Amino acid sequence: MAISLPRLLRNAATRGKAVFFRRVTLFHCFGFPVKADGSWLFLSVLICWTLINKHFPVIYAGHSPQVYQLMGFAAICGIFASIIAHEVAHAIIAEHYQMPIESITLFIFGGVAVMKGDPSSPKGEFLMAIAGPIMSVIMGLLFWAAKLGVVFYFPTAVAAWQVLGYLAGLNLVIALFNMVPAFPLDGGRALRAIIWKRKDNLVLGTRIASELGAIFAYGLLVYALYCIVFRGETGMWQGIWFGLLGYFVHGAGAYAVRQTESRSLLGSETVSRFMNSQVIAVSPDLTITDLVDNYVYKHYQRSFPVVDRGELTGLISLQSILSLDRHKWHWLHVASVMEPLNEKNVVTPDFNAADALELMQRLQKEQLLVADGKKFLGVISHRDLAAYLSITLKIDSNKPVITSRTA
Ligand SMILES: [Zn+2]
């Protein structure tokens, strides 16, 4: 399936996930799965090539090509360790403050610790945000100390201490860049937590931090244009990278605002309030041909709950029907094709509506089934929740402002 680049970037930005290419789990670190996106592989090859052929020969002249190759490989390993250390620091503090981490994912802009829910408290959010940059400073100091050690004990190993010095500086740059107070960078998260604590308003904090994020994103885009236009061949790549980063920062900020707004508007509402119980269910004994002719064409639902003698047993979607060979439609039954029930497609009526919305967004699902035990009650759809939120937002922003009042 062809997906456009803007759509990929928007997905990466909006879902807080790297979805450029397939992700593979590399290993577990402190219990967190460390995953790498295909874009990271592309970026690391590009960085390695640039260090070996362009950067190191300029700043550390006088080595042979073989030495530059070794320096490049050592540096890329050091960069990898630095990014993992930064993200693991975020993840450990997040877990400590009951903000469960789904994974640490490496993608084109470095790394991201993917959280399953919203931050639990301003304090937790603040400490989680600054943990990464603090770890980068520590890593920088460690590389600096290692460099001094090599200079002192092995003064002839020039290439080794040069790479260590490069990594020390790079970690300080990572720390500084991340502390820019622009959401979704760490500094922006810290700022959001401070405003949240002071004004007791997470939505306001997110809005301000994201607006600064948007300004920063425009700055990145301007810089990207400058690189592309004025800085020749290497500037071209830098420009493209900064341009993508600007687009990502902008998208992620806008998404965070929507996300926190929906959380505050939905509050503690449960799924039962938004549930649609007028949904046609089908029997597991139907053949796919019957299902398509008598249900799909008649009721235009994209998926059907499967109910057997009053008990919910599964879910059949248009997507799974379309993935079947058409010749098999007349003898395959719904029971053999339906998705089994699990926590990813069915919720209880007292499930939090904001959590349900987030679950649908995370899994890219249009709807979830609602059941009480085995009893089918209805469905909750992304479209209905989104419509409710957009109407409530409009009414909220249109409230008359009371300027004076006499008691
Ligand atoms: Zn960070």
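Here's a quick rundown of the structure. (Residues numbered from 1 in each chain as written. Predicted model: local features only at pLDDT ≥ 70, side-chain atom pairs only at ≥ 80, totals over all residues. Heavy atoms only, no water.)

## Details of the sheet that holds strand β2 (residues 32-37)
For step 1, the next point in the chain: Taken in spatial order, the four strands line up as β1-β2-β3-β4 in an open sheet, and their pairing is mixed. Edge positions in the sheet fall to β1 (23-29) and β4 (110-115), since each of these pairs with one other strand and no more. Each adjacent strand pair in this sheet contributes to an overall mean axis angle of 25°, direction not counted.
For step 2, the next point in the chain: Of the strands in this sheet, β1, β2, β3 (101-107) and β4 touch helix α3 (residues 65-96), which is tilted by about 160° from β3. (Pairing = 2+ DSSP bridges. Helix = DSSP H or I, 4+ residues; strand = E, 2+ residues; numbered from the N terminus. Axes fitted to C-alpha atoms, helices over the stretch in contact; angles between N-to-C directions. Contact = heavy atoms within 4.5 Å.)

## Section: the side chain of Ser-44
For step 1, the next point in the chain: Along the chain, Ser-44 turns up in helix α2 (residues 38-59).
For step 2, the next point in the chain: For Ser-44, a relative accessible area of 12% gives the class buried.
For step 3, the next point in the chain: Within the structure, the side chain of Ser-44 is placed 3.0 Å from the backbone oxygen of Leu-41, a separation counted as a polar contact. (Buried < 20%, exposed > 50% of the residue type's maximum accessible area, 1.4 Å probe, protein only. Polar contact = N/O pair within 3.5 Å; in protein donor to acceptor, adjacent residues only side chain to side chain.)

## Digging into the coordination of the zinc ion
For step 1, the next point in the chain: Within the protein, His-86 (NE2), His-90 (NE2), Asp-186 (OD) and Asp-186 (OD) serve as the donor atoms for the zinc ion, at 2.0 to 2.6 Å.
For step 2, the next point in the chain: Considering all four donor atoms around the zinc ion, the spread of angles at the metal, 54 to 151°, places the coordination shape in the irregular class.
For step 3, the next point in the chain: For the zinc ion, the donor residues sit on a single chain with the sequence spacing H-x3-H-x95-D. Placement of both His-86 and His-90 in helix α3 is noted, with a separation of four residues, approximately one turn of the helix. When sorted by exposure, His-86 lands in the same class as His-90, which is buried. (Donors = N, O, S within 2.8 Å, 3.2 Å for Na, K, Ca; no water. Tetrahedral: all angles 85-135°; square planar, octahedral: opposite > 155°, others 65-115°.)

## Examining the packing of aromatic side chains
For step 1, the next point in the chain: Applying the stated criterion across every chain yields a total of nine aromatic pairs.
For step 2, the next point in the chain: Residues Phe-177 and Phe-216 carry aromatic rings whose centres are separated by 5.9 Å and whose planes lie at 50° to one another, so their mutual orientation is tilted. Residue Phe-177 is found in helix α5 (residues 158-178), and its partner Phe-216 is found in helix α7 (residues 202-230); the two are separated by 39 residues along the sequence.
For step 3, the next point in the chain: Relative accessible area serves as the criterion here: at 29%, Phe-177 is assigned to the partly exposed category.
For step 4, the next point in the chain: Residues Phe-274 and Tyr-388 carry aromatic rings whose centres are separated by 4.8 Å and whose planes lie at 65° to one another, so their mutual orientation is edge-to-face. Here Tyr-388 lies in helix α14 (residues 382-397) and Phe-274 lies in helix α9 (residues 271-274), a separation of 114 residues in the sequence.
For step 5, the next point in the chain: Given the relative accessible area of 10%, Phe-274 is considered buried.
For step 6, the next point in the chain: Here the aromatic cluster, defined as three or more aromatic residues joined through ring pairs, consists of Tyr-223, Tyr-226, Phe-230 and Phe-242. (Phe/Tyr/Trp six-rings, centres within 6.5 Å; stacked < 30°, edge-to-face > 60°.)

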